[in-house]
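# Structural overview for review
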Amino acid sequence: MKALLLGLLVLTISANVHAAAETREYKKDSGVQATVTIHTEETDGTQAAAYVDAQENKKFIEDLLADATSPLAKLKAEIEKESCDANSTPENPWIDGCGEVTITEAVRTSFGRGGWMSGGAGYTFFVGFTSDGSGRFFDVTHMVTISESAEAQVTPDTFDYNGIVIKTLTLDEIKKLEKKEIER
C-alpha cells in the first residue's frame, strides 16, 4: 500500500513538473482555425501526440461563436432567427420569452499519431435550441466536428526536436441533422 501511495505521489509531482515546464500561446487565425504554440523544456523523448489534449477546445469554440465571420457564429444566429425571429447579444445569450442556442460538450471521436512527431484528434459536439418554458426542451439540429493536430518542430540541419510543438485547431464540418421515423 505504501508503494502504491509513493508511486501516485511521484506521478503527481512529475505531472506538475511537466505542466510547469511548458508555455502555451493561443492565437485565433481565422473564423475556422486557431494555432497554439507550445514551448517545452524537454528535448528528448518528446511525443507530439501527448499535446493532443483538448485543452484549448473550449476557448476555440467560444472564439468561433464570438466571430461574426465564423460558420459556427452564423449557425447560431440562423438558429435564433428560425426559433425566435430575433438574435441574442453577447452579454445576454437568452432571448426572453423564447430561449437560447445550446452547445453540448465536445466528445473525442477519433485519435491518431504519426510516430513521435505528430498526432491528431477529432471532436464532435451538437448544437440546438433550448426553448423557454417550464420544460426547457432541448432540440438538437446540427452536429459539429472540430479537429486538433500537433506537430513537433525540428531543427533544419539535424532534424532534432527544437522544444516547440505547433498545435492547430480547425472547424471541419457542420452537418444539419435530419430526423427519420423508425418503423416499429
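Since this is a predicted model, take the numbers as computed values, not measurements. Along each chain, residue indices are assigned from 1 in the same order as the chain's sequence is written. Residues qualify for local features only when their pLDDT is at least 70, as the model is predicted, and side-chain atom pairs are given and counted only at 80 or more; totals for whole chains, interfaces and linings, by contrast, use all residues. To get the side-chain values, all heavy atoms of the structure are used, and hydrogens and water are removed first.

### Regarding the overall build of the protein chain
Defined as follows: Note on conventions: DSSP H or I runs of at least 4 residues are helices, E runs of at least 2 residues are strands, and numbering of each starts at the N terminus. Only protein chains enter the accessibility calculation, which uses a 1.4 Å probe; a residue whose area is less than 20% of its type maximum is buried, one above 50% is exposed, and one in between is partly exposed. Note on contacts: a residue pair is in contact if any heavy atoms of the two residues lie within 4.5 Å. In this description, accessible areas are obtained by the Shrake-Rupley approach with a 1.4 Å probe, and a residue is regarded as covered only by the protein chains that are shown.
Summing up its helical and strand segments, the protein chain has 3 helices and 7 strands in all. Reading the protein chain from its N end, one meets helices and strands in the order α-β-β-α-α-β-β-β-β-β. Per-residue burial over the protein chain gives 34% buried out of 184 residues. Look at the contacts in the protein chain between residues 6 or more apart in sequence, and 59% of them connect residues 24 or more apart. A total accessible area of about 11,400 Å² is found for the protein chain, and carbon and sulfur atoms account for 56% of it.

### Quick look at the state of the cysteines
Quick reminder of the rule: Disulfides are defined in this document as cysteine sulfur pairs within 2.5 Å.
A complete count under the given rule lists 1 disulfide for this structure. The disulfide partner of cysteine 84 is cysteine 98, and the gap between their sulfur atoms is 1.9 Å. Because the torsion about its S-S bond is -95°, the bridge between cysteine 84 and cysteine 98 counts as left-handed. Of this pair, cysteine 84 sits in helix α3 (residues 71-84) while cysteine 98 sits in the loop between α3 and β3 (99-103), placing them 14 residues apart in sequence. Take cysteine 84: its relative accessible area is 17%, and that puts it in the buried class.

### Some points on the side chain of threonine 170
Rules: Whenever two N or O atoms come within 3.5 Å, that pair is a polar contact, provided that in protein one can donate a hydrogen and the other can accept it, and provided that, for residues adjacent in sequence, both atoms are side-chain atoms.
Inspection of the secondary structure assignment puts threonine 170 in strand β7 (residues 161-176). At 3.3 Å, the side chain of threonine 170 forms a polar contact with the side chain of glutamine 33.

### Considering the nonpolar core
What counts, and what does not: Among the buried residues, those of types Ala, Val, Leu, Ile, Met, Phe, Trp, Tyr and Cys that are joined through side-chain atoms within 4.5 Å form a nonpolar core.
Leu72, Phe125, Val127 and Ile146 are the most contacted members of the largest nonpolar core, which has 29 residues in total. The element contributing the most residues to this core is strand β5 (residues 118-131), with 5 residues. Ignoring any residue separated from it by four or fewer positions in sequence, one finds isoleucine 146 in contact with Asn57, Phe60, Ile61, Ala121, Gly122, Tyr123, Phe125, Thr170, Leu171 and Asp172.

### Looking at the packing of helix α2 (residues 57-66) against α3
The cut-off we apply is this: A fitted line through C-alpha atoms represents every axis, and for helices the fit uses only the stretch in contact; the resulting angles, taken between N-to-C directions, go from 0 to 180 degrees. By convention, the crossing between two helices is left-handed when the near helix turns anticlockwise from the far helix through less than a right angle, and right-handed when the turn is clockwise. Residues were grouped as follows: Ala, Val, Leu, Ile, Met, Phe, Trp, Tyr, Cys and Pro as nonpolar; Asp, Glu, Lys and Arg as charged; and all remaining residues, including Gly, as polar.
Close contact between α2 and α3 brings their axes to 6 Å; oriented N to C, the two are set at 65°. Once α2 is placed against α3, the crossing between them reads as right-handed. Residues Ile61, Leu64 and Leu65 of α2 form the contact with α3, whose participating residues are Leu72, Ala73 and Lys76. Looking at the contact of α2 with α3 residue by residue, the class counts come to 5 nonpolar, no polar and 1 charged.

### Regarding the packing of aromatic side chains
Where two aromatic rings form a pair, the distance of their centres and the angle of their planes describe that pair. Heads up, the rule is: In summary, the pairing rule links any two rings of Phe, Tyr or Trp, Trp by its six-membered ring, whose centres are within 6.5 Å, and it sorts them by plane angle into stacked for under 30 degrees, edge-to-face for over 60 and tilted for everything else.
Throughout the structure, instances matching the rule amount to 1 aromatic pair. Here the aromatic rings of tryptophan 116 and tyrosine 161 are separated by 6.3 Å at their centres, their planes lie at 85°, and the arrangement is edge-to-face. Residue tryptophan 116 is found in the loop between β4 (107-113) and β5, and its partner tyrosine 161 is found in strand β7; the two are separated by 45 residues along the sequence. Tyrosine 161 gets classed as buried once you look at its relative accessible area, which sits at 7%.

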